[in-house]
Amino acid sequence: MLLLALVGALALSITSGSLTGDTSALLRWYALSWALFAAAAWALRGVPERQAVFLLVAGAAAVTATGLLAPPTTSTDSFRYIWDGRVQAAGISPYAHVPADPALAPLRDRWLFPRGAGCNAPYRYPVDARTCTRINRPAVHTIYPPLAELYFLAVHGLSPEGSRYKPLQIGGAVLAFATTLVLRRRAAPARAAYWAWCPAVPLEVVNNAHVDALGVLLAVAALTVVARHRVGGGMLLGAATVVKFLPALAVPGALSGLLAKDGPPARRRVLDALTVLGPAALVLALAYLPYVLVSGGSVLGYLSGYLDEEGYDDTGGDRYALLRLVLPDAAALPAALAVVAVAAVLVLRRGAADRPWSGALLVTGIAFLALTPGYSWYALLVVAFAALDGRWEWLGVPLAGAAAYLGVQHHLGTAAYAVAASAVIAGSLVRARRS
């Protein structure tokens, strides 16, 4: 079983090139690696506990390591991470200047900012008449929240000179393995393998080194402690949100059952909510404060522009793809917000307080199905929550995100998200019949 998952991960890493732009072959191998992963995770269910733990941990180390075998494959985001870390090490706020700003020219090197013939390679973005860069969107400010920026600075400080992207990949491997260990404390080995052996982890966390992995680790840690230590859970959830904003979708899960009909009096409910939300807000404020004092309102970076660029302003495109099948474009955004709000209220009223990850998975998963994002690494959060809750049917969501991102056909992502939604419905009906 471990061999199946490892073969899939190795096949994926071997076929992964260095941002060649040809994603059709990669998508086929990615699908194969998911099939092998599914077979391996299913086989682990029948293994005795002690052996299963060994296989889980050994497999996590082996599968994760495959992401180190190639340069970044499908994303240039790590190049922005490198730049933001370098800028901060020079004592400059990453929110103060865009990468193309001539004021930062002394920080440039020929690898991150090629010239001449070096600009003829794929995924080079123009800076001026003579210079290009590997950094995408070099004319806009960074979009990453403060804790992500501190992570970039820490990796930069620990990196040997000229090491380029490899320290970020190693950091991703450490974060991925740490998440496996945290999951193991709350989930059976066969469930923890949903994360530990998932092909999305070596590709997106390690190879592409997406900082989302840090947010996932903190969110998982938050949900595993919030039922017993509400303040600590709130602080961890706030920290996760200051890495990437997506972990904020886990807030209703952290407050599961707060509005239950047979719950405590209103005053106690308010206190319970404040003991989670207060520490979360405090961590968020403290993380932003130093950067706000230096950079002011520019700490939000390219966030609003990014949302418009990706079609979240309800102007069309591939966002809200499932809702657009039955609704006019103008109604898609309000409908998506309403669907997510209903899911959140349902978790607050009926969620199990001792299983906050279950509510977090429901709200996060439904948000992904409603929004149909086109970047596969965003759904790493769904992978981790599915591992905590043991709900395998939600794993179709990250696979759909990969189809949307890597697919050469325009409607492949929509079809994949439709299949993922069907799997969730089918899985829920099967569980309802068994209960």
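Residues numbered from 1 in each chain as written. Predicted model: local features only at pLDDT ≥ 70, side-chain atom pairs only at ≥ 80, totals over all residues. Heavy atoms only, no water.

Moving on to the overall build of the protein. For the protein, the count of helices and strands is 19 helices and two strands. Against the globule reference of 22 Å for 435 residues, the protein gives a C-alpha radius of gyration of 21 Å, in line with a compact fold. When the backbone C-alpha atoms are referred to their principal axes, the protein occupies close to 65 × 50 × 50 Å. For the protein, the proportion of its 435 residues judged to be buried stands at 52%. If you take every contact in the protein between residues at least 6 apart in sequence, the share linking residues at least 24 apart comes to 72%. In the form shown here, the protein has an accessible surface area of approximately 18700 Å², with 66% of it arising from carbon and sulfur atoms. Distance between charge centroids for the protein: 9 Å, based on 34 positive and 23 negative side chains. (Helix = DSSP H or I, 4+ residues; strand = E, 2+ residues; numbered from the N terminus. Rg over C-alpha atoms; globule rule 2.2 N^0.38 Å. Buried < 20%, exposed > 50% of the residue type's maximum accessible area, 1.4 Å probe, protein only. Contact = heavy atoms within 4.5 Å. Areas by Shrake-Rupley, 256 points an atom, 1.4 Å probe, with all protein chains shown as cover. Lys, Arg positive; Asp, Glu negative; His and termini not counted. Charge placed at Lys NZ, Arg CZ, Asp CG, Glu CD.)

A few words now on the state of the cysteines. In this structure the tally under the stated criterion is one disulfide. Paired by a disulfide, Cys119 and Cys132 hold their sulfur atoms 2.2 Å apart. The sign of the -100° torsion about the S-S bond sets the Cys119-Cys132 disulfide as left-handed. Taken as a pair, Cys119 in the loop between helix H4 (77–89) and strand E1 (125–126) and Cys132 in strand E2 (residues 132–133) lie far apart in primary sequence, 13 residues in all. Of the residues examined, Cys119 reaches a relative accessible area of 23% and is grouped as partly exposed. (Disulfide = S-S within 2.5 Å.)

We now examine helix H15 (residues 329–350). For H15, spanning 22 residues, the distance from its first C-alpha to its last is 32 Å, which sits close to the expected 32 Å at 1.5 Å a residue. For H15, every residue scored as buried is listed here: Ala332, Ala335, Ala336, Val340, Ala343, Ala344, Val347 and Leu348. Residues of H15 that are buried in the fold lie against helix H11 (251–254), helix H14 (321–324) and helix H16 (356–371). (Expected span 1.5 Å × (residues − 1).)

Tracing the chain through its elements places Thr76 in the loop between helix H3 (49–65) and H4. Looking at Thr76, its side chain comes within polar contact range of the side chain of Asn136, at 2.6 Å. (Polar contact = N/O pair within 3.5 Å; in protein donor to acceptor, adjacent residues only side chain to side chain.)

This brings us to unusual backbone geometry. One non-glycine residue, Arg137, lies in positive phi territory at about 50°. Tracing the backbone through its elements, the reader meets Arg137 in the loop between E2 and helix H5 (146–158). Residue Arg137 is classed as partly exposed on the basis of its relative accessible area of 26%.

Enumeration over the complete set of coordinates arrives at nine salt bridges. When the shortest N-O distance is used, the salt bridge between Asp329 and Arg324 registers 2.8 Å. Its relative accessible area of 39% is what places Asp329 among the partly exposed residues. Put simply, Asp389 and Arg355 hold a salt bridge, and the shortest N to O gap is 2.5 Å. Of this pair, Asp389 sits in helix H17 (residues 380–389) while Arg355 sits in the loop between H15 and H16, and the two are 34 residues apart along the sequence. Here Arg355 falls in the partly exposed class, since its relative accessible area comes to 30%. (Salt bridge = Lys/Arg side-chain N within 4 Å of Asp/Glu carboxyl O.)

Inspection of the entire model under this criterion finds three cavities of 30 Å³ or more. The computed volume of the second largest cavity comes to approximately 60 Å³. The wall of the second largest cavity is formed by Asp212, Gly215, Val216, Lys244, Leu246, Pro247, Trp377, Tyr378 and Leu381. Among the elements that make up the lining of the second largest cavity, the one with the highest residue count is helix H9 (residues 212–225) (three residues). Of the residues in the lining of the second largest cavity, the class split is six nonpolar, one polar and two charged. (1 Å grid on protein atoms, 1.4 Å probe; cavity = no way out; pocket = protein on both sides within 12 Å on 5 of 7 lines; lining within 4 Å. Points joined across faces, edges and corners; volume = space filled by probe spheres on them. Nonpolar A, V, L, I, M, F, W, Y, C, P; charged D, E, K, R; others polar.)

Moving on, we come to the packing of aromatic side chains. Enumeration over the complete set of coordinates arrives at 16 aromatic pairs. On the basis of an interplanar angle of 90° and a centroid distance of 5.5 Å, the ring pair of Trp34 and Phe37 is categorised as edge-to-face. Of this pair, Trp34 and Phe37 both sit in helix H2 (residues 24–44), separated by three residues, roughly a single helical turn. Pair check on accessibility: Trp34 and Phe37 agree, each one buried. (Phe/Tyr/Trp six-rings, centres within 6.5 Å; stacked < 30°, edge-to-face > 60°.)

Its place among the elements puts Thr275 in helix H12 (residues 266–295). Non-local contacts of Thr275, meaning those with residues more than four positions away in its chain, are made with Arg230 and Val231.

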